Amino acid sequence: MGNKKIKHTSNGNRSRNGNSRPKAPILAKAARNGAPKAGAIGSAQGKNGAPKAESANGSGLRTYSIPDYRLEHPDYSVRQLVEKDKDGTQHVRYEVSGDLDAPVPPIRESKYLDKRQAIEIYRYMLLNRKMEIALENLYKQGKVVGGVYFGLGQEACSCASAYALDKDDWFAPMIRNQGSLLVRGFGASDTMMQYMAKADSPTKGRDGTSHFGDIEKRNMVSPISMLGDLIPVMAGVALGARLQGRNLAVMTYIGDGGQSTGVTYEGINFAAVQNLGLVLVVESNLWAYSTPSEMQYRCKDLAERAIGYGIPSVIVDGTDACQVYDASHEAVERAHRGEGPTMIEAKMMRMKGHAIHDAAAYVPKPMFEFWKRRDPIARLENYLVRDKKWLSAKENEKLIAEVDRIIEQEREIAVNSPMPTPESAEGGVFCEDGCHEIKPKYAMPKVKKGSAAYKETEAAAHFK
Amino acid sequence: MQLTYLEAIRQGIWEEMENDPTVFCLGEDIGIYGGAFKVTDGFIDRFGAERVIDTPIAESAIVGAAFGASLTGMRPVAEFQFMDFIGCAFNQISNMVAKTHYLWGAPAPLVLRGPSGGYVHGGPFHSQNPEMWFVHNPGLKVICPATPYDAKGLIKAAIRDSNPCVFFEHKYLYRRIKEEVPSDDYIVPIGKARIAREGRDLSVITYAAMVHTALEAADLLAKEGIDLEILDLRTVSPLDREAIAQTVKKTNKVIILHEHSRTGGLAGEIAAIINEEAFDDLDGPIVRIAGLDSAIPFSPPQELHYLPKLEDVIREARKLKAY
Ligand SMILES: Cc1ncc(C[n+]2csc(CCOP(=O)(O)OP(=O)(O)O)c2C)c(N)n1
Ligand SMILES: [Mg+2]
């Protein structure tokens, strides 16, 4: 179409220029805590998770900074463009402008990962991607009920974050975190059977995608479709565990679109006030279905939101597994020390449409090209094989072949599972007698009772 | 011991907290202040701030956190300052909490409780009876007690239940009714109605504050030789179908009485159950007495016009008796 007349709509003036950001305050801490301390995000607050009312540091000056682990600061923005074609008909589309030719930075050296761990994360990322390729094929063969969602370009974010959790920690994935499920020990066949609505799927056909959970072994809360609602729930898991004497990390994810919901605010604020070990990974992948992040929020980085909650945050390159791991590890450690929630903003790009039906024609092509050069798996492979020489070309080939074999096996299992019977739609609405024993998962809470005895209340109340 | 409706609920929660370390309370202003209606008055001194948690004003976070804690085997009791505000947490309750056992097999033993109901001039946002929002959500138990005895026995049953329970406390009843409540440990089973008054001529099926209106009407009508049977549902979901069918089979005439708006109200559901279970036993039309199809207005004359009244029950009962 001919670009006759160009006019910008009011949105999209937010600068993405990363250069104005203070350089390398990697270990600085957020918000109200005193002087920066080396070693990790944030700093100690109350002991053992008890919320502690603290005034800002003595000077009365507010000096907020947000650690940024990235080695580059992409500088471009998306805006709506109104243009008229030859016939004078108006069209609206998105246009990107800025520096889209920047060279790909190296992987940032991890402070914590050793060779074995780095290779393991790489392996999970491969499994993640190859599982999704298998799902795409199953869809094309007509075996999937509904759509398929992809985490293409986000494998480092899903896998390296979940990898930082301890066995007893909890997590809840969102739709693109199919890699996190693999890291936490679910089989690829579990997710595949969910997509195919099979009888042996974790929900026995009752729900699809990553919508399943396991409160016994793998400590996973099932997501629901409504974005943001997992955040207070995970805070509650941490609260329940704390009452049982455990400071656990509870990790979940939210998108640049999903974070606009009110429940996101409620959940983070609740975790902040109660000083609960929430690790919230913000998947800043530039798009929410067809809406660019410029139309979701006005601040420069979502990590800035943390300042308003009074919690630390950190920005990472979501295509660099080492950065994602380091930030997640530090956040998990903070949670284990009872120091409260952490927000991690992972900057990356959703490399496919919203789901398989969506060709993402609304995304300006140069954005795909920019981020394609930052493919998280290619970057980590390059790091392991060429930079660190932790994997020989041969070992890498072997590892890839093994992943292919596993995915094929898992696909077989999934395909061979029967469809559920119609009658299996019934039952299970309530937890009936004997179906579950309700008992504290970690320990019976230690009760400290005051001496106050029961006394009838005589106090005046609202609305007599 | 003579206890008010409010005291009975308070004592029920207190006893459960004494006996079970996994029970804890959360909500707005429930700690040092003891809650807007003082249901948790004195709790924080006895059980400590860890188990009596003052939360931010964030209903979705309160429900979400209660649900999350329940997944670790705790038994949270979350207070809504007014049940009107439960709408703010609707998605958590409907899509997260109610569906969890059916979808992925996780039990959610939590209680969502608070004051509801009219007759106190609370206005459109402090007088509602939003129980039907939850009756239409499979997976929730919805409880609406009418007496101190039932209120105590049902709150204890709700706390011990393995499922999410939404517990409506009628604020008109809080300090207006008193009765003898045993001091030993007892529960009232969820899902079981009770005959509040035996009668021959016609049945009034109702619950919560309306039970008392029906009882008053029954006393007056008895003088005219009209003998009302009153079925107090106690739990509105799941409904006690058997008790509903039984009373209809006995009296053959039914009035269904509730405070909330008529359209899409509980009476419609009960009428359908009667149609399914006892159609041949009916000797007259099923009569509904309910709130108007509007918001509940503030000014006392308007509020009373909106709500069912004693005269409504008397008038409809006379008509139905004569049918
Ligand atoms: C509360 C709510 N509203 C609408 C939707 C429909 N919806 C599903 S995903 C999506 C876009 C989400 O974007 P984002 O949070 O950025 O996640 P991404 O898809 O980029 O990973 C929308 C609008 C939803 N799931 N929940
Ligand atoms: Mg997004």
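Nothing here was measured: the structure is a model prediction, and the numbers come from that model. (Residues numbered from 1 in each chain as written. Chains lettered and ligands numbered in written order. Predicted model: local features only at pLDDT ≥ 70, side-chain atom pairs only at ≥ 80, totals over all residues. Heavy atoms only, no water.)

Visitor: Give me the lowdown on the state of the cysteines, citing residues and values where you can.
Guide: Scanning the entire structure with this criterion turns up 0 disulfides over all chains. Free of any disulfide, cysteine 435 of chain A has its nearest cysteine sulfur in cysteine 431 of chain A, 3.5 Å distant. Given the relative accessible area of 36%, cysteine 435 of chain A is considered partly exposed. Its sulfur unpaired, cysteine 25 of chain B is 15 Å from the next cysteine sulfur, which belongs to cysteine 165 of chain B. (Disulfide = S-S within 2.5 Å. Buried < 20%, exposed > 50% of the residue type's maximum accessible area, 1.4 Å probe, protein only.)

Visitor: Tell me what's going on with the site of ligand 1, and back it up with residues and numbers.
Guide: Residue and element names in this part refer to chain A. Neighbouring residues of ligand 1: 13 residues in total, closest Arg176, Ser225, Asp256, Gly258 and Trp287. Within the side chain of arginine 176, an N or O atom sits 2.7 Å from an oxygen atom of ligand 1. In the model, an oxygen atom of ligand 1 is placed 2.8 Å from a nitrogen or oxygen of the glycine 257 main chain. In isolation ligand 1 has 580 Å² of accessible area, and contact with the protein removes 68% of it. At a threshold of 2 Å from the grid points, most atoms of ligand 1 map onto the second largest pocket. Here the residues of the shell around ligand 1 sort into 5 nonpolar, 6 polar and 2 charged. (Near = heavy atom within 4 Å. Polar contact = N/O pair within 3.5 Å; in protein donor to acceptor, adjacent residues only side chain to side chain. Areas by Shrake-Rupley, 256 points an atom, 1.4 Å probe, with all protein chains shown as cover. 1 Å grid on protein atoms, 1.4 Å probe; cavity = no way out; pocket = protein on both sides within 12 Å on 5 of 7 lines; lining within 4 Å. Sits in = over half its atoms within 2 Å of the grid points. Nonpolar A, V, L, I, M, F, W, Y, C, P; charged D, E, K, R; others polar.)

Visitor: Summarise the pairing of strand 11 (residues 228-232) of chain B; cite the residues concerned and give the values.
Guide: Across a regular strand the side chains alternate sides, sitting on one face of the sheet and then on the other. Residue and element names in this part refer to chain B. Across the 5 residues that make up strand 11, a large majority, 5, are buried. Examined bridge by bridge, strand 9 (residues 194-197) and strand 11 share 3 bridges and lie antiparallel to one another. Bridging across to strand 11, arginine 194 finds its partner in aspartate 232. Here strand 10 (residues 202-206) runs beside strand 11; their pairing, made up of 5 bridges, is parallel. The partner of isoleucine 205 across the bridge, within strand 11, is leucine 231. Handedness of the strand 10-helix 8 (residues 209-222)-strand 11 crossover: right-handed. (Helix = DSSP H or I, 4+ residues; strand = E, 2+ residues; numbered from the N terminus. Pairing = 2+ DSSP bridges. Right-handed = clockwise from strand over helix to strand, strands pointing away.)

Visitor: Can you explain the packing of helix 5 (residues 230-243) of chain A against helix 6 (residues 262-274) of chain A? Please cite residues and give values.
Guide: Residue and element names in this part refer to chain A. Across the interface, helix 5 lies against helix 6 with an axial gap of 7 Å and an inter-helix angle of 20 degrees. Judged on the interaxial angle alone, helix 6 and helix 5 are roughly parallel. Both helix 5 and helix 6 take part in a crossing whose hand is left-handed. Here helix 5 contributes Ile231, Pro232, Ala235, Leu239 and Arg242 to the contact with helix 6, which in turn contributes Val263, Thr264, Gly267, Ile268, Phe270, Ala271 and Gln274. Here the residues of the contact of helix 5 with helix 6 are counted per class, giving 8 nonpolar, 3 polar and 1 charged. (Axes fitted to C-alpha atoms, helices over the stretch in contact; angles between N-to-C directions. Parallel < 35°, antiparallel > 145°, perpendicular 65-115°, else oblique. Left-handed = near helix turned anticlockwise from the far one by under 90°. Contact = heavy atoms within 4.5 Å.)

Visitor: Could you give me a rundown of the sheet that holds strand 4 (residues 170-172) of chain A, with the residues and numbers involved?
Guide: Residue and element names in this part refer to chain A. Sheet architecture is open: 5 strands sit in the order 4-5-6-10-9, paired in parallel fashion. Each edge of the sheet is formed by a strand with only one pairing partner; in this case those strands are strand 4 and strand 9 (313-317). Ignoring strand direction, the axes of neighbouring strands in this sheet form an average angle of 20 degrees. For strand 5 (residues 250-255) and strand 6 (residues 278-284), the ladder comprises 6 bridges, and the chain directions are parallel.

Visitor: Give a description of the sheet that holds strand 3 (residues 52-54) of chain B that names residues and reports values.
Guide: Residue and element names in this part refer to chain B. The strand order across the open sheet formed by 7 strands is 3-2-4-5-7-6-12, and the pairing between neighbours is mixed. Strands at the two margins of the open sheet, each flanked by one partner only, are strand 3 and strand 12 (235-237). With direction set aside, neighbouring strand axes in the sheet form an average angle of 20 degrees. Where strand 2 (residues 23-27) meets strand 4 (residues 75-79), 5 bridges bridge the pair, whose relative direction is parallel. Paired with leucine 26 across the strands is alanine 78, a residue of strand 4.

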